[in-house]
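Chain by chain, the residues run as shown.
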Amino acid sequence: MNQTLWLFAGIGLLLVVATLIGRLLARRKGNNAVIANLNARIDAWWMMVLAIGIAFLFGLYGVILLFALVSFYALREFLTLTPTRASDYPALVAAFYFALPVQYLLIAIHWYGMFSIFIPVYLFLLMPILAALGGDTTRYLERTAKVQWGLMIAVYCVSSVPALMTLKIEGYEGRNLLLIAWLILVVQLSDVLQYCCGKLFGKRKVAPKLSPSKTLEGLVGGVLLATLVGTSLFWITPFTPWQAAIIALLVNLLGFAGGLVMSAIKRDRGVKDWGHMIEGHGGMLDRMDSVCFAAPVFFHVVRYWWG
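All figures in this text were calculated on a predicted structure; none of them were measured in a lab.

**A closer look at the overall build of the chain**
What the chain contains, in helices and strands, is 11 helices and zero strands. Going from N to C terminus, the chain has its helices and strands arranged as α-α-α-α-α-α-α-α-α-α-α. Taking 19 Å as the expected radius of gyration for a compact globule of 307 residues, we find that the chain reaches 20 Å, a close match to that expectation. Taking the principal axes of the C-alpha coordinates as reference, the chain spans close to 60 × 50 × 30 Å. Long-range pairs, those at least 24 residues apart, make up 73% of the contacts in the chain between residues at least 6 apart in sequence. If you sum the accessible surface of the chain, you get close to 15200 Å²; carbon and sulfur atoms cover 69% of it. Averaging the coordinates of the 24 positive side-chain charges in the chain and doing the same for the 14 negative ones gives two points 7 Å apart.

Okay, here's the thing in structure tokens:
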């Protein structure tokens, strides 16, 4: 509890300083798009930290409920942007009202053997069966794949975050919440630092067709700085400093890759943001895209080596 309080106090202090600097820059620079974007990111962080802090107060079930809601809104955003037909209705109902709650129920009862394969195996087979029963073959493969992708990204990958609560790590009992805090802090901070480094030093585009704002300088600077932060916070994890550094580097690179993949999907659909949940700064998936790709790998690395 003391470590959790110190961590949140440090994050709160950092956000206060960042907010003051952001507002001061906004007053001096006026209507500047870069500063406005940065302030929107800081505001999103305030909302995220507040929501996670409240969930932490209720322990396992509070965290599960929070991320179940995250999955629901993320899945809705994903499927809203993908074309469906009337025959897809049974599959969509199963995705929202069967797959999603069952996945989080399995985590709540700590049934690793089932929640690790429930969506990638059983739902992977069930979704095309339900779609086929509708008898509509128009773009059948494409429609089915989109629902499967939505479940994998918005439900399976996101649920890997609260699944960290199910791990039994020797000498780390009762502190699994800190693993969640470490993962989200490092990955989200990497996003912010990549943006800042890219605006300050960026010259060479990494993937101009997918995300024109991402630069090589931003990627290297943001990932390295966030990795240093993750290494310095080894004391809230079961990792040694060098282990924390390697894992932080891994999740930051996965987060960057996740951002590129999600950008590719948005470009394919012809939209800039997944939604409008956060005013001026997109939807749930816009804030969770990097975590979606980092979380399942992080969960299984920790489970294999420390669980």
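**Notes on the environment of Glu170**
Of note, Glu170 is situated in the loop between α7 (140-163) and α8 (176-201). For Glu170 and Gly307, which are 137 residues apart along the polypeptide, the C-alpha to C-alpha distance reads 7.5 Å.

**Section: a nonpolar patch on the surface**
Taken together, the side chains of Ile117, Val121, Tyr122, Phe124, Leu125, Ile129 and Leu133 present a nonpolar region at the surface, about 690 Å² in accessible area. With respect to the helices and strands, Tyr122 occurs in helix α6 (residues 118-133).

**Things to note about the packing of aromatic side chains**
What describes a pair of aromatic rings is the distance from one ring centre to the other and the angle between the planes of the rings. If you walk through the whole model with that rule in mind, you get 13 aromatic pairs. Their ring planes at 20° and their centres at 5.6 Å tell us that Trp182 and Phe298 sit as a pair that is stacked. Linking Trp182 in helix α8 with Phe298 in helix α11 (residues 284-305), this pair joins segments that are 116 residues apart in sequence. Taken as a pair, Trp182 and Phe298 share a single burial class, namely buried. Centroid distance Phe239 to Phe298: 6.3 Å. Interplanar angle 90°. Geometry classified as edge-to-face.

**Observations regarding the packing of helix α3 (residues 59-80) against α11**
Running from N to C, α3 and α11 point in directions that differ by 110°, and their axes come no closer than 9 Å. Between α3 and α11, the angle falls in the class roughly perpendicular. Between α3 and α11 lies a crossing of left-handed hand. Between α3 and α11, the residues in contact are Phe67, Val70, Tyr73, Ala74, Glu77 and Phe78 and Met284, Leu285 and Met288, respectively. Looking at the contact of α3 with α11, its residues break down into eight nonpolar, no polar and one charged.

What counts, and at which threshold
Residues numbered from 1 in each chain as written. Predicted model: local features only at pLDDT ≥ 70, side-chain atom pairs only at ≥ 80, totals over all residues. Heavy atoms only, no water. Helix = DSSP H or I, 4+ residues; strand = E, 2+ residues; numbered from the N terminus. Rg over C-alpha atoms; globule rule 2.2 N^0.38 Å. Contact = heavy atoms within 4.5 Å. Areas by Shrake-Rupley, 256 points an atom, 1.4 Å probe, with all protein chains shown as cover. Lys, Arg positive; Asp, Glu negative; His and termini not counted. Charge placed at Lys NZ, Arg CZ, Asp CG, Glu CD. Patch = residues over 30% accessible without salt bridge, like charges linked within 9 Å, V, L, I, M, F, W, Y side chains within 5 Å. Salt bridge = Lys/Arg side-chain N within 4 Å of Asp/Glu carboxyl O. Phe/Tyr/Trp six-rings, centres within 6.5 Å; stacked < 30°, edge-to-face > 60°. Buried < 20%, exposed > 50% of the residue type's maximum accessible area, 1.4 Å probe, protein only. Axes fitted to C-alpha atoms, helices over the stretch in contact; angles between N-to-C directions. Parallel < 35°, antiparallel > 145°, perpendicular 65-115°, else oblique. Left-handed = near helix turned anticlockwise from the far one by under 90°. Nonpolar A, V, L, I, M, F, W, Y, C, P; charged D, E, K, R; others polar.

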